[in-house]
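Listed below, chain by chain, are the residues.
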4 protein chains.
Amino acid sequence: MVIIMKENATEENIKNVCEYVNKFNLSTHVVNGAERSIIGVIGNVEILEDKPISSMEGVYDVVRISSPYKLVSRSAKPDSTVVRVKDVDIGGGSFVMMAGPCAVESYEQMLEAARAVKKSGAKVLRGGAYKPRSSPYSFQGLEEEGLKILNAVGQETGMVTITEIVSSSHIEKVSQYADILQVGSRNMQNFELLKEIGKSNMPVLLKRGLSSTIEEWLNAAEYIMKEGNPNVIFCERGIRTFETYTRNTLDLNAVAAVKNLSHLPVIVDPSHGTGRRDLIAPLSRAAVAVGADGLIIEVHPHPDMALSDGAQSLTPEEFDKVAKEVNKILLALKD
Amino acid sequence: MVIIMKENATEENIKNVCEYVNKFNLSTHVVNGAERSIIGVIGNVEILEDKPISSMEGVYDVVRISSPYKLVSRSAKPDSTVVRVKDVDIGGGSFVMMAGPCAVESYEQMLEAARAVKKSGAKVLRGGAYKPRSSPYSFQGLEEEGLKILNAVGQETGMVTITEIVSSSHIEKVSQYADILQVGSRNMQNFELLKEIGKSNMPVLLKRGLSSTIEEWLNAAEYIMKEGNPNVIFCERGIRTFETYTRNTLDLNAVAAVKNLSHLPVIVDPSHGTGRRDLIAPLSRAAVAVGADGLIIEVHPHPDMALSDGAQSLTPEEFDKVAKEVNKILLALKD
Amino acid sequence: MVIIMKENATEENIKNVCEYVNKFNLSTHVVNGAERSIIGVIGNVEILEDKPISSMEGVYDVVRISSPYKLVSRSAKPDSTVVRVKDVDIGGGSFVMMAGPCAVESYEQMLEAARAVKKSGAKVLRGGAYKPRSSPYSFQGLEEEGLKILNAVGQETGMVTITEIVSSSHIEKVSQYADILQVGSRNMQNFELLKEIGKSNMPVLLKRGLSSTIEEWLNAAEYIMKEGNPNVIFCERGIRTFETYTRNTLDLNAVAAVKNLSHLPVIVDPSHGTGRRDLIAPLSRAAVAVGADGLIIEVHPHPDMALSDGAQSLTPEEFDKVAKEVNKILLALKD
Amino acid sequence: MVIIMKENATEENIKNVCEYVNKFNLSTHVVNGAERSIIGVIGNVEILEDKPISSMEGVYDVVRISSPYKLVSRSAKPDSTVVRVKDVDIGGGSFVMMAGPCAVESYEQMLEAARAVKKSGAKVLRGGAYKPRSSPYSFQGLEEEGLKILNAVGQETGMVTITEIVSSSHIEKVSQYADILQVGSRNMQNFELLKEIGKSNMPVLLKRGLSSTIEEWLNAAEYIMKEGNPNVIFCERGIRTFETYTRNTLDLNAVAAVKNLSHLPVIVDPSHGTGRRDLIAPLSRAAVAVGADGLIIEVHPHPDMALSDGAQSLTPEEFDKVAKEVNKILLALKD
């Protein structure tokens, strides 16, 4: 940690800061600059995280030089993690397609969607049973009934299933029916939920918050891993910016960055990331090219009839085309 | 609702959209423009909220012309709501000062803080017992022990108390100890939590999400009111923008806007809204001038020793000065 | 154009709006909804662009349903435009690599860079002679001396050259030395500069402003085309968001969107778009996969010695690797 | 300056960085931490601004600990600057009201507006003759004819005048007719324009760019002052964020921050800062309370007929009410 003093900081100020820091068994090295002094702090500086050094007299700024996350960091574990769910590997060189409707609506809808996306190569079936919606008057999902349908269709088709979890009180129930828990953007910093999921051993897809920095995202995963659950999969789904033409701005910089910073797999969601059906194919291609470990795409047998997010759902035919293009790029990059 | 067709939409497209809409007992009026046609839809259009009209063939855009929130809207209730907590009125012309430390640390710290801020006119005592922190390694609060301290100090000083709630499983416990529940920014769209709070009758301070639009904020309040709890207080605490000099960007536009759009009271938090001790006084003055119904300010008897957010906490003396300036402006505007 | 009236708008309000609009030889169609009325306006509605209809009594909102840009629009010209510069085609199926140092520093530096990037397939040589820098104390470029070096190296290597233009008074001079004018982000809405470039016939690379919407970007190109210059090339170079880990957020959504909305070519700048050397390769791959017409990348023979932007410059060896990966994807997508 | 090394940096890396820095006559102090080393650099570190130290091997980050602007800094000149224009003082304790239409439309319109706002206390008359508009098809201003009208009305009413300048080739002409030059948001980083204005001695109102950080804004002013012109006035006019209910987000945090960081006066523009007529009064009150040195407000005798920005223009009666409220707060804060 480096403490940067104000230009007009006195000798007394510097002494006080050093004494305060030394109390925590940390050593200090003062460097007197032309304009101002800096204090290098050595030792286990995490203990200072909550200490208000930046508001001590004479202090200009405090620069943390170590990252707050540990377990998710690639420097802690250089090899890429593979999250194995039944017979599906996520991360570590394989590429996984997850697809299905935004919301579970009926057994028929799910089965039709599942069969179609499976034929195009998808191994994971998505479908929301609990739908967090901005307005309380919007369709909120079929709840447990939806979970049962998802489960039945997963069994019928032999696909791995994923569904969103919105409350820690649902963990047990959802885990009975689905193979992967999805934490949505709005809950990325619902730390109580993260801690409870951390206590289970369920694979979890952690979507990035709408305005979460990369560091906050990594820290959210750290909440889960710290409780003992190593099966975390990141999912970039677009961030909120000033641009309104697209629903969100898919941040592929972040995908490449997180692949460098962490050993965990990273999936991309171009459906929410763009919010526009006509942009899903090109952004899917971009996601595989940037190095993502998979895609999660909304596919509905009849988007016009979808109860949720129809405007960004692909038809099975469109999805098949995307899958083919993605495979071409995968092959090209493997050469 | 207005459905705007693409320039190259066919007669067939228009007919299909009208037929689809008419099935829901809504009437349609087609206006054929020079470049494109528009379809006005009349009736109870909320039923279309989840229908993917925007992805039907030939449709360019769908413009919703009624707001999705009802109960929180000023057009539903023109008179300003007063949330009464014990003997303290929030909203409707009175101005309330809420103050206290970011986190409850000890009985002595809370008592010292409470006595000081009460002397300066604060009627509500704040103090966090459960602290949602970006990193799992940061201080997470004293939990139930903290609630007990807050409660004891509230009783001792005769102040109303407020504390953050982070899980719906805590509602009963927290309600025993505190008078107002605070929903933090990270949980503004934790709809399960909002619904559960809505089923209680507890006064709730709903902080705006870091990147929530005004409409999303109003909708979050609608989740609470829809369940039967009318005692909602908004709190603007800064939004996330590109600017990094301040921790957040306090959005006073939103305060004035919400006062127009809703009958509920609006409080301003300049501590989180700026993140800098030196900006709290000027932004507090601005908040009262813009028409807020109160302020919530972090005050710590010894900010240098604070376990959380020391850099943005005022000393009791600084708070007293802010309170005096705020009163001057209140008086001036009442003339 | 659709004019949406307030819920409490009177018959009189509606009549006034219609009469006002009719004065401009436009016809109006009133649709009376359950809650409110809407007025469809038909005819050449552009004349209303500057009219304050939204502030007339009883008006809730005005929805423009035609795009303000015409000449840049793909609906005006469905075929993709190819901007031909000497023997280099930009757009329309070919893919172009532009590369070179951020700033022209010396003849030797430029020649070394040019030879290296040419060997890897680059056909356009970049190098800034006028450098807009946030601080007036930063290196501002070699100015005319830099232009001469760029020109000499272009001739020596047979490469097309591109350089930034920062003032309309420089157009003549810069056009003598360089083949393509680059308008930087900070000048994307310097309309006087755009108009003057529009009067020349010089190919121009129009970088997207740091916080410009897609529509504003298209409008900026319209300023150039309206004056008669059709040789406009878009360049996405990252937008400003809350994320600070990367210098900017490369918006590949926008690349795919502009390819749909306009017939003009779109180039991607991953150097500024990420600001980090380690992210340039993956984002270059993503850019070609998303459908960009080319890349512009900062390459410096000795990044450690660069006078500007060294931290985001590739070495010639790194660039060569990027070029090879890009070609693999191009080939794969052509199959 | 502090150079932070990577965790795995070698002794050799550290030695190389030190030797590189020492070549510039700067001294280095290495502090070896538990996890990593830091290098404090002492001397005139500005010479390193353009050096790519951050890309040298083993370097993790470079932290600049001095601000890049000098002349605009309050540490360089603790007393607040007063920009005197004819008999009007801007800054230093006085409070100035600037008002008038967005665009000059006719002599009659300007005279009517000027007389009205003068009666309410405005001393500076605004009116645009050159209007930078997003679309080339929007009204672009009366140009020189507009300047003449503004000048004539200024003389007739004895008011100081201000108008926007969009090209350095206009400086001489505009300076003949107007008393204060306004640099709009879109040109805040048009450095060629700033340098030319810096060579004149004209008072200049420098609007903050739509997505400019506070530091970039201060640096833009430094460009002007560095050329010799000390008469710079800042103007906060709202930044671009994700919120769309208001046209921009007025950043009053920035006003308080710049008052601390710089000695120059700061004016607030609530018309562009909110873009909504109904929010101008509350945000004007907030601006004076936060410590701004003045307001610039769009007032049109007949907003319904305005050729530009009618939706955010006040009537003279509304402006009079705002002026009265502002005065109450000014008086209250002076007690």
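Please refer to the structure placed before this passage.
Please read these numbers as outputs of a predicted model, since none were measured by experiment.

Here the focus is the relation of the copies chain A and chain D. Relating one copy of the chain to the other takes a rotation about an axis and a shift parallel to that axis. Superposition record for chain A on chain D: RMSD 0.0 Å, screw rotation 180°, translation along axis 0.0 Å. Between the two chains, the operation in question is that of a two-fold axis. Among all residues of chain A, the one whose C-alpha sits closest to the rotation axis is Phe242 of chain A, at a distance of 2.2 Å. Comparing interface residues between copies, 100% of those in chain A also sit at the interface in chain D, which points to an isologous, same-surface contact.

Counting 150 residues, the largest nonpolar core has Leu206 and Leu252 of chain B together with Leu206 and Leu252 of chain D as its most contacted members. Residues contacting Leu252 of chain D, with those up to four places away along its chain left out, are Leu252, Leu283 and Ala286 of chain B together with Val268, Leu283, Ala286, Ala287 and Val290 of chain D. In terms of nonpolar packing, the next biggest core, distinct from the first, is built from 148 residues, Val72, Leu111 and Leu193 of chain A together with Ala122 of chain C among them.

Although it is not a glycine, Lys86 of chain A sits at a positive phi angle of roughly 50°. Within the secondary structure, Lys86 of chain A sits in the loop between strand E5 (83–85) and strand E6 (88–90). Given the relative accessible area of 55%, Lys86 of chain A is considered exposed. Of note in this structure, Asn25 of chain B is not a glycine but carries a positive phi near 65°. Residue position: Asn25 of chain B is located in the loop between helix H1 (11–22) and strand E2 (27–32).

At the interface, 21 residues of chain A touch 21 residues of chain D. Together chain A and chain D conceal approximately 1700 Å² of surface at their shared face, both sides included; 75% is due to carbon and sulfur atoms. Area buried by chain A at its contact with chain D is led by Val31, Ile42 and Ile65 of chain A, which between them contribute 29% of it. Viewed at the interface, chain D and chain A are joined by zero salt bridges. For the pair chain A and chain D, the interface holds zero residue pairs in polar contact (both at pLDDT 80 or more). Where the side of chain A that touches chain D is concerned, the elements lending two or more residues are strand E1 (2–5), strand E2 (27–32), strand E3 (37–42) and strand E4 (59–63) of chain A. Classifying every residue of the side of chain A that touches chain D by side-chain character gives 10 nonpolar, eight polar and three charged.

Right, let's get into the relation of the copies chain B and chain A. Take chain B, turn it by 180°, move it 0.0 Å along the axis, and it overlays chain A with an RMSD of 0.1 Å. Most of the interface of chain B is mirrored in chain A, where 100% of its interface residues again form contacts.

Attention shifts here to the sheet that holds strand E3 (residues 37–42) of chain D. Residue and element names in this part refer to chain D. With respect to topology, four strands assemble into an open sheet ordered E2-E3-E1-E4, the strand pairing being antiparallel. Each edge of the open sheet is held by one strand with a lone partner, namely strand E2 (27–32) and strand E4 (59–63). With direction set aside, neighbouring strand axes in the sheet form an average angle of 20°. Inspection of the sheet shows strand E1 (residues 2–5) paired to E4 by four bridges, in the antiparallel sense. Along E4, the bridge assignment pairs Met5 with Val59. In this fold helix H1 (residues 11–22) packs onto E1, E2, E3 and E4, with an angle of close to 160° to the strand it touches most, E2.

Here the focus is the packing of helix H9 (residues 277–290) of chain A against helix H9 (residues 277–290) of chain C. Remark: H9 of chain A packs on H9 of chain C, axes separated minimally by 7 Å, with the N-to-C direction vectors making an angle of 155°. Taken together, the axis directions place H9 of chain A and H9 of chain C in an arrangement best described as roughly antiparallel. Viewed along their axes, H9 of chain A and H9 of chain C form a crossing whose handedness is right-handed. Between H9 of chain A and H9 of chain C, the contacting residues are Pro282, Leu283, Arg285, Ala286, Ala289 and Val290 of chain A on the first element and Pro282, Leu283, Arg285, Ala286, Ala289 and Val290 of chain C on the second. The class makeup of the residues in the contact of H9 of chain A with H9 of chain C is 10 nonpolar, no polar and two charged.

Under the counting rule described, the total for this entry stands at 62 salt bridges over all chains. Put simply, Asp179 of chain A and Lys86 of chain A hold a salt bridge, and the shortest N to O gap is 3.4 Å. Of the two residues, Asp179 of chain A sits in the loop between helix H4 (171–177) and strand E10 (180–183) while Lys86 of chain A sits in the loop between E5 and E6, which places them 93 residues apart along the sequence. Between Glu236 of chain D and Arg208 of chain D there is a salt bridge, and its shortest N-O distance comes to 3.0 Å. Here Arg208 of chain D lies in the loop between strand E11 (204–207) and helix H6 (214–226) and Glu236 of chain D lies in strand E12 (residues 232–236), a separation of 28 residues in the sequence. With respect to burial, Glu236 of chain D and Arg208 of chain D carry one shared label: buried.

A word on the interface of chain B and chain A. Listed as interface residues are 49 residues of chain B and, on the opposing side, 49 residues of chain A. Taking both partners together, chain B and chain A bury about 4000 Å²; carbon and sulfur atoms supply 47% of that area. Run the count over chain B and chain A and you get two salt bridges. The interface formed by chain B and chain A contains 15 residue pairs in polar contact (both at pLDDT 80 or more). Elements with a contribution of two residues or more to the side of chain B that touches chain A: helix H5 (191–199) and helix H6 (214–226) of chain B. Taken together, the residues of the side of chain B that touches chain A sort by class into 18 nonpolar, 17 polar and 14 charged.

Residue and element names in this part refer to chain D. Taken in spatial order, the eight strands of this closed barrel run E7-E8-E9-E10-E11-E12-E13-E14, and their pairing is parallel. Each strand of the sheet is rotated relative to its neighbour by a mean of 25°, with strand direction disregarded. For strand E8 (residues 124–126) and strand E9 (residues 160–164), the ladder comprises three bridges, and the chain directions are parallel. Across the sheet, residue Val124 finds its bridge partner in E9, namely Val160. Strands E8 and E9 of the sheet are contacted by helix H3 (residues 144–157), whose axis makes an angle of about 165° with E9.

How each quantity is defined
Residues numbered from 1 in each chain as written. Chains lettered and ligands numbered in written order. Predicted model: local features only at pLDDT ≥ 70, side-chain atom pairs only at ≥ 80, totals over all residues. Heavy atoms only, no water. Least-squares fit on C-alpha atoms with pLDDT ≥ 70 in both. Contact = heavy atoms within 4.5 Å. Core = buried A, V, L, I, M, F, W, Y, C linked by side-chain atoms within 4.5 Å. Buried < 20%, exposed > 50% of the residue type's maximum accessible area, 1.4 Å probe, protein only. Helix = DSSP H or I, 4+ residues; strand = E, 2+ residues; numbered from the N terminus. Buried area = accessible area lost by both parts, 1.4 Å probe. Salt bridge = Lys/Arg side-chain N within 4 Å of Asp/Glu carboxyl O. Polar contact = N/O pair within 3.5 Å; in protein donor to acceptor, adjacent residues only side chain to side chain. Nonpolar A, V, L, I, M, F, W, Y, C, P; charged D, E, K, R; others polar. Pairing = 2+ DSSP bridges. Axes fitted to C-alpha atoms, helices over the stretch in contact; angles between N-to-C directions. Parallel < 35°, antiparallel > 145°, perpendicular 65-115°, else oblique. Left-handed = near helix turned anticlockwise from the far one by under 90°.

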